[in-house]
Amino acid sequence: MTKKLKLIALSSAASMIALSAAAQDPVSLTVVSWGGAYTESQQRAYHEPYMAANPHVTIINDDGSANALAGLRAQSQAGNVTWDLVDMLPSDAQLACDEGIILEIDHDAMLAPAPDGTPASEDFLPGSLGDCFIPQIVYSTILAVRPGAFEGEQPDSIADLFDLENFPGKRALQDRPGTNLEWALYADGVAPEDIYDVLATPEGVDRAFAKLDTIKDEIIFWTEGAQAPQLLADGEVAFATGYNGRMFNAIEVEGMDAAIVWDGQIVEWDGWVVPAGGPNVDAVMDYLRFATDTQRLADQAKFISYGPARASSAALVGQHADLGIDMAPHMPTAPANYYSPIVLDNDFWADYGDELRERFANWMLQ
Amino acid sequence: MSLPAYYTTKDKVWHYAFRVICFAIFFFLLAPILIMIPLSFNAQPYFTFTREMLTLNPEGYSLRWYQDFLGDDGWMRSIRNSFLIGIAATILSTTLGTLAALGLSRAEMPAKGLIMGILISPMIVPLIISAAGMFFFFSQINIAQTFLGVVIAHAALGTPFVVITVTATLVGFDQSLTRAAANLGASPTTNFFKITMPLILPGVISGALFAFITSFDEIVVVLFVAGVEQRTIPREMWSGIREDISPTILAVATILVLISIALLTVVELLRRRGERLRGLSPQ
Amino acid sequence: MAPSDASDTPTAIGNETDSKGRLLTSDGRPLRAALQRANRRRKLTALGLVAPLLAFILIFFAYPIVQMMWRSVDNPAVVEALPRTLAALEEWDGNDLPGEEVYRALYEDMLADEELPRAEQKMGPLAVRLNYEISAARSAIVRTARNVDEMEAPYKEAFLDAHRLWNDPTIWRIIEREGRPLTASYYVAAVDREYNAEGEIVQAPENRQIYVALFGRTFMMSVVITFMTFALGFPIAYYLSTLPMSKANLLMIAVLLPFWTSLLVRTSAWIVLLQGQGVINDMLVALGVIDDENRLTMIYNQTGTIIAMTHILLPFMVLPLYSVMKTIPPSYTRAAKSLGATPWTAFRRVYFPQTLPGIAAGGVLVFIISIGYYITPALVGGQDGRMISNEIARHIQSSLNWGLAAALGTMLLVSVLILYWLFNKLVGTDSLKFG
C-alpha cells in the first residue's frame, strides 16, 4: 500500500513538473512503434495515463517501426526530423547510435529510479541498456503450433519444426535470416551458447542453410508481426514462428487454437530511442521518464505478455487487464518457459547481417 | 439472335462457343469484384460464404463490418485524407495540365515531342522508382510526411492523364472559332472562358477525373512519402491486408466499388457529350 | 493565356511594298519580319503555357529520380572519413598488410573524427558502407574508433590487437578501391558480380546470386502476364467490336469497371477468392473435387501473382485492341470469304494483320506496367512471386542499402525507357487512350 502511495506521489510529481515546464502549450508527439496489439498495449499502459495527466499533450501512433532505421536515416540526412520517439530493436538502435542520428541517453539522470531508490542503470536488467537505447520489454520469438494439425503426439521442440516425417504441413517463418539460422543450427544439435560461434564460420552458415533446405518446400514466409498468428488462425499453416506477445494475444484474447513451444525461444530486448534533432525533445524526455518507470513497465504486461525490462517491475506484474488471468506464467522469462533460451546476439547481426541477409534473400528466391 | 442461313453446323457451333468463351472472360473480369459485395455482409469473420448465407438466412448477414468501418477513427481519417489529397492534387494537376495541353496543341510549339515525353513520363516510370526518388528528395526539402508533399506527388502522377485527354479534345478543336471571336472583339480572357473552355470542358473534366482516381487509388508513393497523419484509404487497406485481414476490408471495398461505378458513369456521359459537341457521332 | 492567334497576326493590306519590293504591313513594316515576330511571340505564348507544368514535373518528378540514380554511383563515405589513410595507401603495394605509416594515418583519421560534433562524425557511415563489401567491417571500425584515444604507437600492432579484420589485406584493398568519390560496386553487385583479391570483377558465389535471376523472372512473369491478357483480351475485344454500339457500350462496363476500381480492392478480391480457406477452395471442397486436406495453394506464390495481375492489367490490353478493331471494316474479311477463303484463312491472312497495331500497343503497355509492378506481388506474391520492384523496396526500407537500390532502380528504369521508346517507334503515343 505504502509502495503504491509512493508511486502515485512520484508520478504525480513527475506530471506536475511536466505541467510547469511545458507551460501548457499544446504538444503533439509522434510515437513510432510496431502497430497492432503491441501499440495497443503502449496506448493503454503509457499514452492514455500520460495524456490524462498532461492534457496539453497529444500522442499520435505511427506503426513504422519495421522500417524505423530507414526513416531515421532519411529524416536525419534531410535535417527534417518529424518523429519524436521511436520503438526499435537494440541492434538497429546501436547502428543509429553509431551514426549519431539518435540521442545518447544518460540513464540515471533521465530516467526514474526504482521505487526503492535503486538508480535506473542498476534497475534495468543486466545487458539491456544501450548508449542510446532505453529498454522497455523482453520479448521472445517462439514457435506456435496448431494442435488440430496433428493427431496423437504434439510437437514440443524446435527439432520438431524441422521434422517433416512426423509433423508434416506448412510452416510460417519470418522472411529474414535472424532467428531462422539460429534455429536451424539448434535443431541440428548445436548448443544454444555455441550458435553464434558456429554461425560466424562459412561452414556454420552452410550447415544452417542446409538444414533450412530440408523444410524449404513447406515454408510460407511472413513479414509483419501480425501475419504469423493470422496464418495459424486461418489454418494456412501447422507451425508458425512469431513474437510471443502476439501469439499470447491471439490465443488468450482472440481464442485462437494454438500452443506455444518455449524450447529454443530467442530472447531479445525492445525499447525506445529518441531521434536527434526532433521537434519536441523536452516533452519527449518528460514522457519517457513517466513511461519507463517501474509501474508503467509493469502495467504494460497487463495488456501483452512481454516481460518488463526493469527488475523492480517483476513483482508488480499482475493480471491481464481484460481477462483477469495471471500474466506471470506467460512471460518469456518465467522459469517454466526459460529452460533453453537463445539470447539474440546483436553484435553478431550488426557485423554479419548485410552478408547473411543477401544470402537469405537469395535462398528464399531459389 | 438469328444466324445467317448459309452458316454450316460447324459455323454455328463455333459461333456459340465463341460467345460462351467471351462471356466466361467477362465473368472473370467482373466476378471477383462483385463477389465481395455479398461477402461484406457476412455475420461471421470469414472470407467465404457461410451455410446461413447460402440458405439466405437473415442471421447469416449483418452490417457489423460497416459499423466497424464507420466507427474506426483510422478509417474515417483515411477517408478525409483521401478526398482532401485527391481534390487538392486534382486542382493542381488539372490547372497545370490544361494550360500545358493548350500550349502543346499549338502548331508553333517547339520541341513538342521532347516536352510531351517529359510531361507524360510520370505515367511511364515505374511507381517504385518515382516513390523512391520522392522519398529522398521530399525529405531534403522538408515536405516528406506532409500533406503538401503527398499532394505534389499525386499531382505529378496525375498530370499526364490531363495532358493526354485535353490534348485529344483539342485535336478536333476548330481554331477558327477563337480567331473569329477575337476578330469580333473578344478579349483573350473572354475568348478562353466563352469559346475554348466550353468546348474542351468534357476533356478537362474527364482528365480531372483521371487525375482524381490516380490520387485516390495511389499507394506506392503514399507508402514512401506519407506519414501517419496523411494515411489514405489504400494505405489503410494495405495495412489491413498485411496485418489482420478482416471483412472490414470488404466493406471498404464495396464502398469503393460503388464510388468507381459513379465515376465511371460520369466519365462515360462526358465522353458521349464530348463526341456530340465536336460533331463526332459514334460510329 | 487564351488562344488569341488573331490579334497576333499582322494584317497585310493590299499591295503596299517598300523600295526593295518587299510586302509591307499597314504600319509600314516589312511583312516578313512582322510575320516572324508574330510567330516568335506565338511560340513564346505556347511555351509560356507549357512552362508551369514543365517546371513542376522537372523539379518534383524528374530531378528526384535523377538524384536517386546518382546514389548508385555516389560514394562519399571513405573519401570523407579517411583522407589521411587514403593518402598513405598510395604507397602500398596491394599485397601484404600495409606498413606502420598507413595504420598511423588511420589512427589520425579516427582521432580527428572523434573531435567532430557527433552529427558530423564520419565513422558511422563509413562502417555502414564498408560492411556492404565485407562482413564485420562494421565492428572493426566502430569498436576501434570508440577506443582510439587510448591507442599508442606502434599503431600497426595496436590495430591488429583491436580487431581481426585489420590483419586482413582484403579490407585495405576495399578501402583503397572505394576511396574514390564514384563507385561501380553497386552495379557490380546488381549484376551478381564481385571483386576478387586481385581487384578483378568475377561471378559472385552461387548462393549470393540474386538479381540477374530476379530480373529474368520479372521479365518472364511479365511475358506470361502479357500473353495471358492478350489471350483473354483478344476474343472479347473482337466480340465487342462486332456488336452494335449500344450493346458494346453496355458490355464495355465489364472492362471499365475493373479499370476504375481501386487496385487494393482488386487485389483483396483475389485474396478472398484464392486463399486456402477462400471461396474457390471452399467450392471445390463442397463439390468434392478436392478433399479438405488437399486444398489448392493458389496464392502467396507465382500463380496468385500472375492471376491477379492478369485480371488487373486486362483492361489495358482490351481498350487499345478494341479501338483498333473498331476501325477495321468488316468488308475485307467478307471479301476474302467470298473469294473462297475459309473463315480461318480469312481471319489469319486478312483480319489479324490489321489488328497488329492494337496488339503492339496493348502488349507493350501491359508489359511496361508489369515489369515495374510492386503492390500486387508484395501482397499476394509470397516468395516466388516477388519481382524486382519488391527487392528495390526492400533495399530502401529494410536492408537500407540505398546505393544498391538505386543501381537496381536505374537498371529497371532504363529497361522501361527502352521499351517505351520501342513502343513509340511501333505505334506512337497517340494510341494511349483511356476510358
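### A word on the overall build of chain B
Now for step 1: Tallying secondary structure elements over chain B gives twelve helices and zero strands in all.
Now for step 2: Going residue by residue from the N terminus, the α and β elements of chain B occur as α-α-α-α-α-α-α-α-α-α-α-α.
Now for step 3: Counting only C-alpha atoms, chain B reaches 75 × 70 × 30 Å along its principal axes.
Now for step 4: Going through the 283 residues of chain B one by one, you find that 55% of them count as buried.
Now for step 5: Summarising the internal contacts of chain B: among those between residues at least 6 apart in sequence, 67% fall at separations of at least 24.

### Things to note about the state of the cysteines
Joining two cysteines, a disulfide is a covalent bond between their sulfur atoms.
Residue and element names in this part refer to chain A.
Now for step 1: Counted according to the given criterion, the structure contains one disulfide over all chains.
Now for step 2: The partner cysteine of Cys97 in its disulfide is Cys132, sulfur to sulfur 1.9 Å. The sign of the 60° torsion about the S-S bond sets the Cys97-Cys132 disulfide as right-handed. Separated by 35 residues along the polypeptide, Cys97 in helix 4 (residues 90-98) and Cys132 in the loop between helix 6 (120-123) and strand 4 (134-145) bring together distant segments of the chain. The same class applies to Cys97 and to Cys132, which are both buried.

### What about the interface of chain B and chain C?
Now for step 1: Chain B puts 101 residues into the contact, and the matching count from chain C is 89 residues.
Now for step 2: Both faces combined, the contact of chain B with chain C buries some 8,600 Å², and carbon together with sulfur accounts for 82% of it.
Now for step 3: Taken together, chain B and chain C are joined by one salt bridge.
Now for step 4: Put simply, B:Glu108 and C:Arg42 hold a salt bridge, and the shortest N to O gap is 3.1 Å.
Now for step 5: Across the chain B-chain C interface, the total number found is six residue pairs in polar contact (both at pLDDT 80 or more).
Now for step 6: With 15 residues, the top contributor of residues to the side of chain B that touches chain C is helix 1 (residues 9-39) of chain B.
Now for step 7: When its residues are assigned to classes, the side of chain B that touches chain C shows 75 nonpolar, 16 polar and ten charged.

### Some words on the domain arrangement of chain B
Now for step 1: Per the domain assignment, the segments of chain B are domain 1 (9-60) and domain 2 (74-245).
Now for step 2: Between the C-alpha centres of domain 1 of chain B and domain 2 of chain B there is a distance of 36 Å.

### Brief notes about the interface of chain B and chain A
Now for step 1: Listed per partner, the contact involves 15 residues of chain B and 17 residues of chain A.
Now for step 2: Taking both sides of the interface into account, the surface hidden between chain B and chain A amounts to around 1,400 Å²; carbon and sulfur atoms contribute 46%.
Now for step 3: Three residues, B:Val228, B:Arg242 and B:Glu243, lead the burial of chain B against chain A; their summed loss comes to 43% of the area buried on that side.
Now for step 4: There are one salt bridge connecting chain B and chain A.
Now for step 5: For the salt bridge of B:Arg231 with A:Asp63, the shortest nitrogen-to-oxygen distance reads 2.8 Å.
Now for step 6: Run the count over chain B and chain A and you get three residue pairs in polar contact (both at pLDDT 80 or more).
Now for step 7: Residue composition of the side of chain B that touches chain A, grouped by class: four nonpolar, five polar and six charged.

### Side note on the packing of aromatic side chains
Now for step 1: The tally for this structure, following the rule as stated, stands at 57 aromatic pairs over all chains.
Now for step 2: Relative to A:Tyr287, the ring of A:Trp272 has its centre 6.4 Å away and its plane inclined at 75°; by these criteria the two rings are edge-to-face. Of this pair, A:Trp272 sits in strand 8 (residues 259-273) while A:Tyr287 sits in helix 13 (residues 281-291), and the two are 15 residues apart along the sequence. Note on accessibility: A:Trp272 and A:Tyr287 belong to one class, buried.
Now for step 3: Its guanidinium or amino end placed over the ring of A:Trp363, A:Lys216 lies 4.8 Å from that ring's centre, counting from NZ or CZ.
Now for step 4: Here C:Arg71 stacks its cationic end above the ring of B:Phe136, 3.9 Å away from the centre of that ring.

### Digging into a nonpolar patch on the surface
Residues and elements named next belong to chain C.
Now for step 1: Together, Phe219, Met220, Val223, Val224, Phe227 and Met228 line one region of the surface with nonpolar side chains, adding up to about 530 Å² of accessible area.
Now for step 2: With respect to the helices and strands, the residue Val223 is situated in helix 11 (residues 211-242).
Now for step 3: We classify Val223 as partly exposed; its relative accessible area is 38%.

### Quick notes on the pattern of salt bridges
Opposite charge on two side chains permits pairing when their charged atoms draw close.
Now for step 1: Scanning all chains against the criterion turns up 25 salt bridges over all chains.
Now for step 2: Taking the shortest distance from any N to any O, the salt bridge between C:Arg394 and A:Glu358 comes out at 3.4 Å. Pair noted here: C:Arg394 is in helix 19 (residues 388-397) and A:Glu358 is in helix 15 (residues 346-365), and the two residues belong to different chains. The two residues C:Arg394 and A:Glu358 agree in class, both being buried.
Now for step 3: The structure contains a network of salt bridges with shared partners spanning A:Glu358, C:Arg386, C:Glu391 and C:Arg394.

### Quick look at the domain arrangement of chain A
Residues and elements named next belong to chain A.
Now for step 1: Assigned domains within chain A: domain 1 (2-138 + 269-330) and domain 2 (139-268 + 335-365).
Now for step 2: The distance between the C-alpha centroids of domain 1 and domain 2 comes to 28 Å.
Now for step 3: Counting residues at the interface gives 23 residues for domain 1, matched by 17 residues for domain 2.
Now for step 4: Both sides of the domain 1 and domain 2 interface together cover about 1,500 Å² of buried area, and 59% of this is carbon and sulfur.
Now for step 5: Applying the counting criterion to the domain 1 and domain 2 interface returns zero salt bridges.
Now for step 6: One can count five residue pairs in polar contact (both at pLDDT 80 or more) joining domain 1 with domain 2.
Now for step 7: Contributions of two or more residues to the side of domain 1 that touches domain 2 are made by helix 2 (36-53), helix 4, strand 4 and strand 8.
Now for step 8: Among the residues making up the side of domain 1 that touches domain 2, the classes are represented as 16 nonpolar, six polar and one charged.

### Describing empty space enclosed by the protein
Now for step 1: What the rule picks out here adds up to eight cavities of 30 Å³ or more.
Now for step 2: The wall of the largest cavity is formed by 33 residues, among which B:Leu127, B:Phe161, C:Phe316, C:Ile369 and C:Tyr373 lie closest to the centre.
Now for step 3: If you list the elements that add at least two residues to the lining of the largest cavity, you get helix 5 (112-124), helix 7 (147-171) and helix 9 (188-217) of chain B together with helix 12 (245-260), helix 13 (263-274), helix 15 (302-326) and helix 17 (343-371) of chain C.
Now for step 4: A per-element tally of the lining of the largest cavity places helix 9 of chain B first, with four residues.
Now for step 5: Taken together, the residues of the lining of the largest cavity break down into 26 nonpolar, four polar and three charged.

### Quick notes on the nonpolar core
Now for step 1: Grouped together as the largest cluster of nonpolar side chains are 186 residues, with contacts concentrated most on B:Phe26, B:Phe138, B:Phe224, B:Met237, C:Trp260 and C:Ile375.
Now for step 2: Excluding anything up to four places from it in sequence, B:Phe224 contacts B:Ile128, B:Ala131, B:Phe135, C:Ala393, C:Ile396 and C:Gln397.
Now for step 3: Core analysis: the next-biggest nonpolar cluster, separate from the first, contains 73 residues, A:Phe162, A:Val261, C:Val142 and C:Ile174 among them.

### Section: the confidence of the model for chain A
Predicted coordinates in regions of low pLDDT should not be interpreted in detail.
All names here are of chain A.
Now for step 1: Looking at chain A as a whole, the pLDDT averages 88, with 93% of positions reaching at least 70.
Now for step 2: Confidence scores differ between elements of chain A, with helix 1 (residues 2-22) showing the lowest mean pLDDT of 49 and helix 8 (residues 180-187) the highest of 97.
Now for step 3: Overall, residues 1-5 carries pLDDT values under 50, and its contacts beyond four positions in sequence, including any with other chains, amount to zero contacts.
Now for step 4: Overall, residues 16-22 carries pLDDT values under 50, and its contacts beyond four positions in sequence, including any with other chains, amount to eight contacts.

### A word on unusual backbone geometry
Now for step 1: That bond from C:Ala153 to C:Pro154 is cis: its omega, 0°, falls within 30 degrees of zero.
Now for step 2: Examined against the element boundaries, C:Pro154 turns out to sit in the loop between helix 7 (137-146) and helix 8 (155-162).
Now for step 3: With a phi close to 60°, B:Leu56 is a non-glycine residue in the positive phi region.
Now for step 4: With respect to the helices and strands, B:Leu56 occurs in the loop between helix 2 (51-54) and helix 3 (64-70).
Now for step 5: Residue classification places B:Leu56 among the exposed positions, given a relative accessible area of 64%.
Now for step 6: The phi dihedral of C:Tyr300 falls on the positive side, at around 60°, and the residue is not glycine.
Now for step 7: Among the structural elements, C:Tyr300 can be located in the loop between helix 14 (279-286) and helix 15.
Now for step 8: Note on C:Tyr300: relative accessible area 26%, which makes it partly exposed.

### Comments concerning helix 4 (residues 73-104) of chain B
Every α-helix winds through 3.6 residues per turn, so residues three or four apart in the chain are directed the same way.
Now for step 1: The terminal C-alpha atoms of helix 4 of chain B lie 45 Å apart, and with 32 residues this matches the ideal 46 Å at 1.5 Å per residue to within 8%.
Now for step 2: Two to three positions downstream of the cap, the backbone nitrogen of B:Gly74 sits 2.7 Å from a side-chain oxygen, assigning the N-cap of helix 4 of chain B to B:Asp72.

### A look at the pairing of strand 8 of chain A
All names here are of chain A.
Now for step 1: The buried fraction of strand 8 amounts to 13 of the 15 residues, a majority that puts the element mostly inside the structure.
Now for step 2: Sheet analysis places strand 3 (residues 85-88) next to strand 8, joined by three bridges and oriented antiparallel. Bridge assignment links Met88 to a residue of strand 8, and that residue is Gly271.
Now for step 3: Pairing analysis gives ten bridges linking strand 4 to strand 8, with the strands arranged antiparallel. Across the sheet, residue Leu143 finds its bridge partner in strand 8, namely Val261.
Now for step 4: Here strand 8 pairs with strand 10 (residues 342-343) via two bridges, running parallel. The residue of strand 10 that forms the bridge with Ile266 is Ile342.

Calculation rules
- Residues numbered from 1 in each chain as written.
- Chains lettered and ligands numbered in written order.
- Predicted model: local features only at pLDDT ≥ 70, side-chain atom pairs only at ≥ 80, totals over all residues.
- Heavy atoms only, no water.
- Helix = DSSP H or I, 4+ residues; strand = E, 2+ residues; numbered from the N terminus.
- Buried < 20%, exposed > 50% of the residue type's maximum accessible area, 1.4 Å probe, protein only.
- Contact = heavy atoms within 4.5 Å.
- Disulfide = S-S within 2.5 Å.
- Buried area = accessible area lost by both parts, 1.4 Å probe.
- Salt bridge = Lys/Arg side-chain N within 4 Å of Asp/Glu carboxyl O.
- Polar contact = N/O pair within 3.5 Å; in protein donor to acceptor, adjacent residues only side chain to side chain.
- Nonpolar A, V, L, I, M, F, W, Y, C, P; charged D, E, K, R; others polar.
- Domains from an automatic or database assignment.
- Phe/Tyr/Trp six-rings, centres within 6.5 Å; stacked < 30°, edge-to-face > 60°.
- Lys NZ or Arg CZ within 6 Å of the ring centre and 35° of its normal.
- Patch = residues over 30% accessible without salt bridge, like charges linked within 9 Å, V, L, I, M, F, W, Y side chains within 5 Å.
- Areas by Shrake-Rupley, 256 points an atom, 1.4 Å probe, with all protein chains shown as cover.
- 1 Å grid on protein atoms, 1.4 Å probe; cavity = no way out; pocket = protein on both sides within 12 Å on 5 of 7 lines; lining within 4 Å.
- Points joined across faces, edges and corners; volume = space filled by probe spheres on them.
- Core = buried A, V, L, I, M, F, W, Y, C linked by side-chain atoms within 4.5 Å.
- pLDDT = per-residue confidence, 0-100.
- Expected span 1.5 Å × (residues − 1).
- Pairing = 2+ DSSP bridges.

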